[in-house]
Amino acid sequence: AFKVGRRFLPIKFVEMESDDGEQVDMEQLAKTLQDPSVLITKRFRVLFELRGMYTVDAIKTLIEAFRQEPRSDLLKHEICYCLGQMNSNAENTALIEEFFEQVIAEPHSSIVIHEAVEGYANLDPKNIHKLLDKFKGIDDELIGETCELALELKKWNETTDHGKTEGLDLTKLKYTTNDPAPPFNPDNDENYRSVAWLQALLLDPTKPIFDRYRAMFTLREVCTDEACEALCQALTPENFANCTALLKHEIGFVLGQLGHDFGRVCVPYLEATVANEQEAPVVRHECVIALGDITDKKTVMEKYSEDPDDIVRESCLV
């Protein structure tokens, strides 16, 4: 059966219970999530429980947990990811948008700013150009490319009326997470049906990052062994210099979405990437999470559960 990672489920799915078997209330969930002395694994279970609620209280609890978190950039990053998927109505969107605007204006680590910008772009905000102006020319590839994607997504939404002029209905895709770029519509160009053409675009460092992301998400929609193999080429040593950390980390995310059915294809690539200590922590982190969603094997997680990098180590524990 198709195995879907907990990150991607659009419903409440993690049942947290107290010792006496009764369902834990919001106050208890908040207490657990916001307590740094609690095991990171348990805090993440609560995080994704809240992510599936889509309520104002859940959103406020996540925001407060972000504000109180003293050390874990991984948890802050994942809170931003979850909030970027919770814009199910106008009230939620306004609350999340205000939070992201504050975070983007504050000093945070690259991985946190990256996820905040990406989540903010998911909301299609009106003032995104003004807010991201501070990052023009920034000497930080992760943030710089994330901002480029965010602005290109805004432009695409405006010029295509959210995909309508391309005949693309984002609600009918195989995967309906809020993503930083849309796939191509295969009905518009025969190249968009060609795995070889899409792979070539994905791996071409001379092409705009937005187009390369579109190729990536189109391959995800193709959803075959051949398409999965094409995606994995971004993780090979041969393409190490052709693919940025941002692109490779999103490859890890997409492979996690493809799930268990494609594990025989992608698991060796994911394991090799995690083992490569020359790879960016954000890439290794995303590949660890993907492995956790795809396979029950714990060898890699156990091996790197004491990695010197915080986000890699915590990802293995989660």
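What counts and what doesn't
- Residues numbered from 1 in each chain as written.
- Predicted model: local features only at pLDDT ≥ 70, side-chain atom pairs only at ≥ 80, totals over all residues.
- Heavy atoms only, no water.
- Helix = DSSP H or I, 4+ residues; strand = E, 2+ residues; numbered from the N terminus.
- Rg over C-alpha atoms; globule rule 2.2 N^0.38 Å.
- Buried < 20%, exposed > 50% of the residue type's maximum accessible area, 1.4 Å probe, protein only.
- Contact = heavy atoms within 4.5 Å.
- Areas by Shrake-Rupley, 256 points an atom, 1.4 Å probe, with all protein chains shown as cover.
- Lys, Arg positive; Asp, Glu negative; His and termini not counted.
- Charge placed at Lys NZ, Arg CZ, Asp CG, Glu CD.
- Phe/Tyr/Trp six-rings, centres within 6.5 Å; stacked < 30°, edge-to-face > 60°.
- Lys NZ or Arg CZ within 6 Å of the ring centre and 35° of its normal.
- Core = buried A, V, L, I, M, F, W, Y, C linked by side-chain atoms within 4.5 Å.
- pLDDT = per-residue confidence, 0-100.
- Salt bridge = Lys/Arg side-chain N within 4 Å of Asp/Glu carboxyl O.

**What about the overall build of the protein?**
The secondary structure content of the protein amounts to 16 helices and 0 strands. Taken against the 2.2 N^0.38 rule, which gives 20 Å for 318 residues, the C-alpha radius of gyration of the protein at 19 Å falls within 12% of a compact globule. Taking all 318 residues of the protein together, the buried fraction comes to 53%. Here the contacts in the protein between residues at least 6 apart in sequence split such that 67% fall between residues at least 24 apart. Just so you have it, the protein exposes about 14,400 Å², and 49% of that area is on carbon and sulfur atoms. Across the protein, 34 positive and 58 negative side-chain charges occur, with their mean positions spaced 1 Å apart.

**Focus: the packing of aromatic side chains**
On inspection of all chains with the given rule, the structure shows 8 aromatic pairs. Centroid distance Phe 184 to Tyr 192: 4.3 Å. Interplanar angle 10°. Geometry classified as stacked. The two residues Phe 184 and Tyr 192 agree in class, both being buried. Here the aromatic residues Phe 66, Phe 99 and Phe 100 are joined through ring pairs into a cluster of three or more. The residue whose ring lies beneath Lys 76 is Phe 66, and the NZ or CZ to ring-centre distance is 5.5 Å.

**With respect to the nonpolar core**
By size, the foremost hydrophobic cluster in this structure holds 98 residues, and its most contacted members are Leu 83 and Leu 255. Look past the residues within four positions of Leu 83 in its chain and what remains in contact with it is Ile 59, Leu 62, Ile 63, Ile 96, Phe 99 and Phe 100.

**With respect to the side chain of Thr 32**
Note on placement: Thr 32 falls in helix α1 (residues 26-33). Once residues within four sequence positions are removed from consideration, Thr 32 is found in contact with Val 38, Lys 42, Arg 43 and Val 46.

**Re the confidence of the model for the protein**
Model confidence for the protein is summarised by a mean pLDDT of 92, while 92% of its residues fall at 70 or above. This stretch, residues 1-6, has a pLDDT under 50; its non-local contacts, to residues over four places away or in other chains, come to 20 contacts.

**Details of the side chain of Thr 146**
Considering the arrangement of structural elements, one finds Thr 146 in helix α8 (residues 141-160). Overall, Thr 146 belongs to the buried group, its relative accessible area being 3%. Not counting residues within four places of it along the chain, the set of residues in contact with Thr 146 comprises His 114, Val 117, Glu 118 and Leu 246.

**Some words on the pattern of salt bridges**
One side chain can pair with another of opposite charge once the charged atoms of both are near each other. All chains considered together, the criterion is met by 14 salt bridges. Linking Glu 158 and Lys 154 is a salt bridge whose minimum nitrogen-to-oxygen distance equals 3.9 Å. Linking Glu 158 with Lys 154, this pair stays in helix α8, spanning 4 residues, or about one helical turn. Residue class for Glu 158 comes out exposed when judged on its relative accessible area of 53%. Given the relative accessible area of 8%, Lys 154 is considered buried. Look at the salt bridges and you will find they share partners, linking Asp 124, Lys 154 and Glu 158 into a network.

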